[in-house]
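# Observations on chain architecture
Chain residues, written in single-letter form:
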Amino acid sequence: MVAEMVGSTDVGIQADDSGARPLRLVAVTHGAPSAENRQAVIRLVDGVASERPELDVSISFVDAANRDVAASLAAAAEPDAVIVPLVLSAGFHVRTGLSLGLDRLGDAAELAGELGPDDRIVAVLAHRLRTLGLDDDDSVVLAAAGSNDPRAVRECFETARRLAHRLGRPVTVGFIAAAIPRLPDAIEMIREVHPGSRVVVGAYLLAPGTFYDAAGASGGDLIADPLLLPGESAPHELVELVLERFAAVDASHWERA
């Protein structure tokens with residue numbers, strides 16, 4: 001299992017022909033995770049480490065509610081690291097908190113892009129819904145965490161558009177916090193427009209936790225599992241996506257070196 005800290009020991013580090021050490025991959029997630037949330041996210045990072053055993057892969061949980069994100073990252077990160085934020089949309093904590101933390105580090109670390117929107121996430125969302133038993137007559141609501149960042153909100157609507165295309169039916173977005181329409185309002189609207197239709201909630205959430213619990217209590221008939229679960233291996237699509245975000249920064253780094 002990967003280390004639950006930034007800057008794990010140098011297990012599996014290999015140098016290239018020039019003697020240069022490869023960049024570290026540091027997965028960062030924010031919030032105060034529950035035990036289930038932590039285990040589910042670690043499953044993803046374990047999958048990344050297994051896929052690329054030559055990389056130094058670690059994870060850092062930054063409690064954005066109780067600590068300054070930038071200060072936490074600056075205190076924890078080590079040189080030659082690519083910070084991969086495990087977030088579906090890049091809201092305040094990525095664009096401001098993590099970016100500011102990297103500014104404090106100077107050239108010591110670089111920030112990769114957020115995970116979404118991406119068709120691989122959509123594929124996992126569709127799989128979760130179909131596993132739940134989605135019927136042709138069901139109405140689908142995509143439950144997203146929400147953000148004060150307009151770009152992050154637009155990214156959620158883009159994910160819903162892609163999911164609708166994949167499922168061949170409309171998908172309505174409902175936000176758990178910070179943006180509108182709120183999830184209970186979106187569900188109520190669907191019930192008014194499609195009376196008698198079962199409302200199925202797709203969870204555009206990385207792992208179980210407070211937001212998933214809130215989504216489950218918002219009035220839908222069924223709710224699909226989040227993208228990651230503590231009791232199963234992370235979907236390969238998400239492992240691939242994390243590695244792709246890392247590789248984009250890694251390639252750029254060596255081009256500049």
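Everything that follows concerns the structure shown earlier in this document.
Residues numbered from 1 in each chain as written. Predicted model: local features only at pLDDT ≥ 70, side-chain atom pairs only at ≥ 80, totals over all residues. Heavy atoms only, no water.

Helix length check: helix H4 (residues 119-132) (14 residues) gives 20 Å between terminal C-alpha atoms against 20 Å at 1.5 Å per residue, within 8%. Along H4, the residues classified as buried are Arg120, Ile121, Val122, Ala123, Val124, Leu125, Ala126, Arg128 and Leu129. Looking one or two residues past H4, glycine 133 carries a phi angle of roughly 100 degrees, positive in sign. (Helix = DSSP H or I, 4+ residues; strand = E, 2+ residues; numbered from the N terminus. Expected span 1.5 Å × (residues − 1). Buried < 20%, exposed > 50% of the residue type's maximum accessible area, 1.4 Å probe, protein only.)

Right, let's get into the sheet that holds strand S7 (residues 199-204). Across a sheet, strands are paired by hydrogen bonds formed along the backbone, either parallel or antiparallel in direction. The four strands are arranged S6-S5-S7-S8 in an open sheet whose pairing can be described as parallel. Each edge of the open sheet is held by one strand with a lone partner, namely strand S6 (171-175) and strand S8 (222-223). Of the pairings in the sheet, the one linking S7 to S8 comprises two bridges and is parallel in character. Paired with valine 201 across the bridge in S8 is isoleucine 223. (Pairing = 2+ DSSP bridges.)

Another aspect to go through is the nonpolar core. Ranked by internal contacts, the top residues of the largest apolar core, which has 54 residues, are Leu25, Leu86, Ile121 and Leu163. Element by element, the count of residues in this core is highest for helix H8 (residues 236-256), at seven residues. Apart from residues no more than four positions distant in its own chain, leucine 163 is found in contact with Val122, Leu125, Ala126, Leu129, Leu142 and Val171. Among the nonpolar cores identified, the runner-up in size contains 13 residues, and Ala143, Ala186, Leu205 and Tyr212 belong to it. (Core = buried A, V, L, I, M, F, W, Y, C linked by side-chain atoms within 4.5 Å. Contact = heavy atoms within 4.5 Å.)

Time to look at helix H1 (residues 35-51). End to end, H1 covers 24 Å across 17 residues, agreeing with the expected 24 Å (1.5 Å per residue, within 8%). Restricting attention to buried positions, one finds in H1 the residues Asn37, Ala40, Val41, Ile42, Leu44, Val45, Asp46 and Val48.

We now examine unusual backbone geometry. In this chain, glycine 116 is followed by proline 117 through a cis amide linkage whose omega measures -5 degrees. In this model, isoleucine 180 is joined to proline 181 through a cis peptide bond whose omega is 0 degrees. The topology assignment puts proline 181 in the loop between S6 and helix H6 (183-193). Look at alanine 178: it is not a glycine, yet its phi comes out positive at around 75 degrees. Inspection of the secondary structure assignment puts alanine 178 in the loop between S6 and H6.

Take the pattern of salt bridges next. Any two side chains of opposite charge can pair, given that their charged atoms come close. Counting across every chain of the model gives 16 salt bridges. The salt bridge partner of arginine 52 is glutamate 54, with a shortest N-O separation of 2.2 Å. Residue classification places arginine 52 among the partly exposed positions, given a relative accessible area of 26%. You can call glutamate 54 partly exposed: its relative accessible area is 23%. The salt bridge involving aspartate 119 is made with arginine 162; its shortest N-O contact spans 3.2 Å. Taken together, the positions of aspartate 119 in helix H4 and arginine 162 in helix H5 (residues 150-167) put the pair 43 residues apart, joining distant regions of the chain. (Salt bridge = Lys/Arg side-chain N within 4 Å of Asp/Glu carboxyl O.)

Here leucine 125 is to be found in helix H4. Taking relative accessible area as the criterion, leucine 125 reaches 3% and is therefore assigned buried. If sequence neighbours within four positions are ignored, leucine 125 has contacts with Leu142, Thr159, Leu163, Ala203, Tyr204 and Leu227.

All right, on to the packing of H4 against H5 then. Between two packed helices, what matters for the description is the angle formed by their axes and the separation of those axes. The N-to-C vectors of H4 and H5 enclose an angle of 55 degrees; their axes lie 9 Å apart at closest approach. On the basis of the axis angle, H4 is oblique to H5. As for how H4 packs across H5, the hand of that crossing is right-handed. Within the contact between the two elements, H4 uses Asp119, Val122, Ala123, Leu125, Ala126, Leu129 and Arg130 and H5 uses Thr159, Arg162, Leu163, Arg166 and Leu167. Residue classes in the contact of H4 with H5 are distributed as seven nonpolar, one polar and four charged. (Axes fitted to C-alpha atoms, helices over the stretch in contact; angles between N-to-C directions. Parallel < 35°, antiparallel > 145°, perpendicular 65-115°, else oblique. Left-handed = near helix turned anticlockwise from the far one by under 90°. Nonpolar A, V, L, I, M, F, W, Y, C, P; charged D, E, K, R; others polar.)

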